[in-house]
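Listed here are the chains, written in short residue letters.
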Amino acid sequence: MNVAPMKFPSIEPDDVTIPEGMTLASWMESRVARYETRTLDWDALKFQADFDPKYRRAQMRYVGTGATGVSDDENVVPAEHFTFSTMVLPAGCEGPLHIHRDAEEVFFILKGHRIRLFIEHKGEMTETVLTERDLISVPPGVYRGLRNEGIEEALMCVMIGNPKPVTPTYPEDHPVAQIKRPKK
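I keep staring at the overall build of the chain and nothing clicks. Help me out?
Along the backbone of the chain there are two helices and nine strands. Taken from the N to the C terminus, the helices and strands of the chain come in the order α-α-β-β-β-β-β-β-β-β-β. Taken against the 2.2 N^0.38 rule, which gives 16 Å for 184 residues, the C-alpha radius of gyration of the chain at 18 Å falls within 12% of a compact globule. For the chain, the spread of C-alpha atoms along the three principal axes comes to 50 × 45 × 35 Å. The proportion of buried residues among the 184 residues of the chain is 41%. In the chain, once contacts between residues fewer than 6 apart in sequence are set aside, the share between residues at least 24 apart is 70%. Working note: accessible area of the chain is about 11,400 Å², and carbon and sulfur atoms make up 55% of it.

Given below as structure tokens:
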């Protein structure tokens, strides 16, 4: 399948306007997300962990709110083209099979030695095991899930190629698909 490459506009210095009332320094500082001001959000996907503790995981947001269903977080750099967060996945826990129909999703393993990724497309399943500093990019329209089969918690970067991704859905026959997601 040949897909034409996306065309992105060329932004020249004259095209950039510093927001009114801000200096270049204050504008750039408003685009910094410092680790010391981040918190792990164990509640973003708590509805899944309440259903089954194996789905316990936490998100730490940096750019945008990601696709966990959190609608607002004033402590993030506003997303313009993508979201970026870190995810803590305790040993033995998993992120259930889900699909993003509107965005590519990238997982980069910072810490962890046996993160099994499950991929499903049109009934065909495949899997791969990632370890520290491995990356996978999953295209939109393809189901993905992961499980930490290691003995220590895993830490990964998660980037979604959409500034406000649609909340993912789960296969109809997956138990998580039957859970009502709380409004945030």
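Just to check I follow, could you spell out the sheet that holds strand β2 (residues 83-89) for this structure?
Hydrogen bonding along the main chain pairs the strands of a sheet, whether they run parallel or antiparallel. The sheet built from five strands is open, its strands ordered β1-β2-β9-β4-β7 with antiparallel pairing. Of all the strands in the sheet, just β1 (58-63) and β7 (135-138) have a single pairing partner and so form its edges. Strand after strand, the sheet turns through a mean of 20 degrees between neighbouring axes, direction not considered.

Before we go on, may I ask you to explain the nonpolar core in this structure?
Soluble globular proteins tend to bury their nonpolar side chains together. Of all hydrophobic cores here, the largest spans 25 residues; its most connected members are Phe107, Ile115, Leu117, Ile136, Leu146 and Met156. Going through the elements one at a time, β2, β4 (105-111), β5 (115-121), β7 and β9 (154-160) are the ones with two or more residues in this core. Counting residues per element, this core draws most heavily on β9, at four residues. Discounting residues that sit within four places of it in the chain, Leu117 has contacts with Phe107, Thr126, Glu127, Thr128, Leu130, Ile136, Gly145 and Leu146.

How do you make sense of the pattern of salt bridges when you look at a structure like this?
Think of it this way: side chains of opposite charge can pair up when their charged atoms draw near. Enumeration according to the criterion identifies 12 salt bridges in this entry. Between Arg31 and Glu80 there is a salt bridge whose closest N-O contact spans 2.8 Å. You can see Arg31 sitting in the loop between α1 (24-29) and α2 (46-51) and its partner Glu80 sitting in the loop between β1 and β2, a full 49 residues away along the chain. For Arg31, a relative accessible area of 35% gives the class partly exposed. By sharing partners, the salt bridges in this structure join Glu94, Arg114, Arg116, Glu127, Arg147 and Glu149 into a single network.

Honestly, the sheet that holds β5 in this entry has me stumped. Any pointers?
Across the sheet, which stays open at both edges, the four strands sit in the order β3-β8-β5-β6 with antiparallel pairing between neighbours. Whereas interior strands pair on both sides, the edge strands pair on one side only; in this sheet they are β3 (94-98) and β6 (124-130). Sheet twist, expressed as the mean angle between neighbouring strand axes with direction ignored, is 15 degrees. Two elements, β5 and β6, share seven bridges in a ladder whose sense is antiparallel. When the sheet's bridge partners are listed, Ile119 is paired in β6 with Thr126.

What exactly am I supposed to notice about the packing of aromatic side chains here?
Any pair of aromatic rings gets described here by the distance separating the centres and the angle formed by the planes. Within this structure, the stated rule accounts for one aromatic pair. A cation over an aromatic ring shows up here: Arg38 above the ring of Tyr62, its NZ or CZ 5.5 Å from the ring centre. Sitting over the ring of Trp42, Arg56 keeps its end group 3.9 Å from the ring centre.

How should I be thinking about the side chain of His174 in this particular structure?
Positionally, His174 belongs in the segment after β9. Not counting chain neighbours up to four residues away, the residues in contact with His174 comprise Tyr55, Pro96 and Leu97.

Would you mind going over the environment of Thr83 with me for this structure?
In this structure, Thr83 sits in strand β2. Distance in space between the C-alpha atoms of Thr83 and Glu105 is 9.5 Å, their sequence separation being 22 residues.

Looking at this model, I keep getting lost on a nonpolar patch on the surface. Mind explaining?
Together, Ile18, Met22, Leu24 and Met28 line one region of the surface with nonpolar side chains, adding up to about 320 Å² of accessible area. Relative to the helices and strands, Leu24 resides in helix α1.

Reading guide: rules and limits
- Residues numbered from 1 in each chain as written.
- Predicted model: local features only at pLDDT ≥ 70, side-chain atom pairs only at ≥ 80, totals over all residues.
- Heavy atoms only, no water.
- Helix = DSSP H or I, 4+ residues; strand = E, 2+ residues; numbered from the N terminus.
- Rg over C-alpha atoms; globule rule 2.2 N^0.38 Å.
- Buried < 20%, exposed > 50% of the residue type's maximum accessible area, 1.4 Å probe, protein only.
- Contact = heavy atoms within 4.5 Å.
- Areas by Shrake-Rupley, 256 points an atom, 1.4 Å probe, with all protein chains shown as cover.
- Pairing = 2+ DSSP bridges.
- Axes fitted to C-alpha atoms, helices over the stretch in contact; angles between N-to-C directions.
- Core = buried A, V, L, I, M, F, W, Y, C linked by side-chain atoms within 4.5 Å.
- Salt bridge = Lys/Arg side-chain N within 4 Å of Asp/Glu carboxyl O.
- Phe/Tyr/Trp six-rings, centres within 6.5 Å; stacked < 30°, edge-to-face > 60°.
- Lys NZ or Arg CZ within 6 Å of the ring centre and 35° of its normal.
- Patch = residues over 30% accessible without salt bridge, like charges linked within 9 Å, V, L, I, M, F, W, Y side chains within 5 Å.

Such coordinate-based values are descriptive only and should not be taken to indicate function.
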